[in-house]
Amino acid sequence: MRNPLLLYYETALKALGPQHWWPGETPFEVCVGAILTQNTNWQNVEKAIVNLKSKDLLDPHRIYALSPRQLAELIRPAGYFNIKTKRLRNFLKFLIDEYEGNLNRMFEERLETLREKLLNVSGIGKETADSILLYAGNKPVFVVDAYTKRILLRHEMIDEEADYDQVQEYLTSHLPEDRKLYNEFHALIVMIGKNFCKTKPDCERCPLKEFLPKA
């Protein structure tokens, strides 16, 4: 019997095509986006990033040199801008103190070591840390978000009580360790979650309809 998760992946990819995610021009832009996208949609994050780009500020040292008030105003479109200013500055301080602001040096760290360090930065949770590791650092980490859990739960692959680590373990134990696959699969999950497996599901049009458990 074929690996069911790989069947899900292949079916979604055939139906929806490559997603080319994460939409960032540089690894640093991806890191900023991963922090700003907490509790908001990507369209709002894009507006905040455009503000930073328009002033040529997409650089760790240049952003960190801004006052918190200046930074908050620039990222205002992303929502919760005062909280996100603190979180972004916490990450930038970590990046500058530990690696002199050099992302290449940061990503030379062993995956497990760097993940632990990121999770010790105030405001960086597991989903944000893993997004930075996968999408900016090209590390083989499967990002788990609300869409991931919802789809797996509705397809009876996980329990309602499964936490982030348990969902991630389920995915990685049933898939080959492949950064590109993790990247594309998570992006497809996000697309399906946004368009089909919503709070009120549209199962009839969903590419994964054939895999739903029979009532």
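Further up the page is the structure itself.
Quick caveat: nothing in here was measured; it's all calculated off a predicted structure.

Trainee: Explain the packing of aromatic side chains residue by residue, including any values.
Mentor: How two aromatic rings sit relative to each other is set out by the distance from centre to centre and by the angle between their planes. Summed over all chains, the structure comprises 10 aromatic pairs. Between the aromatic rings of Tyr8 and Phe211, the centroid separation amounts to 4.6 Å while the plane-to-plane angle is 20 degrees, which identifies the pairing as stacked. Of the two residues, Tyr8 sits in helix α1 (residues 4-16) while Phe211 sits in the segment after α12 (179-195), which places them 203 residues apart along the sequence. Residues Trp21 and Trp22 carry aromatic rings whose centres are separated by 5.2 Å and whose planes lie at 40 degrees to one another, so their mutual orientation is tilted. A residue is classified by how much of its surface remains accessible, and Trp22, at 11% relative accessible area, is buried. Of the aromatic side chains, those joined through ring pairs into one cluster are Tyr9, Phe142, Tyr182 and Phe185.

Trainee: Lay out the nonpolar core with the relevant residues and their values.
Mentor: If you look at the biggest cluster of nonpolar residues, it comprises 69 residues, and the most contacted ones within it are Ile63, Phe91, Met106, Leu118 and Phe185. For this core, the element with the most residues is helix α2 (residues 27-36), which contributes 7 residues. If near-sequence neighbours (up to four positions away) are discounted, Leu118 is found in contact with Phe91, Phe94, Ile124, Ala129, Ile132 and Leu133.

Rules of the game
- Residues numbered from 1 in each chain as written.
- Predicted model: local features only at pLDDT ≥ 70, side-chain atom pairs only at ≥ 80, totals over all residues.
- Heavy atoms only, no water.
- Phe/Tyr/Trp six-rings, centres within 6.5 Å; stacked < 30°, edge-to-face > 60°.
- Helix = DSSP H or I, 4+ residues; strand = E, 2+ residues; numbered from the N terminus.
- Buried < 20%, exposed > 50% of the residue type's maximum accessible area, 1.4 Å probe, protein only.
- Core = buried A, V, L, I, M, F, W, Y, C linked by side-chain atoms within 4.5 Å.
- Contact = heavy atoms within 4.5 Å.

Function cannot be read off these values alone, since they describe shape.
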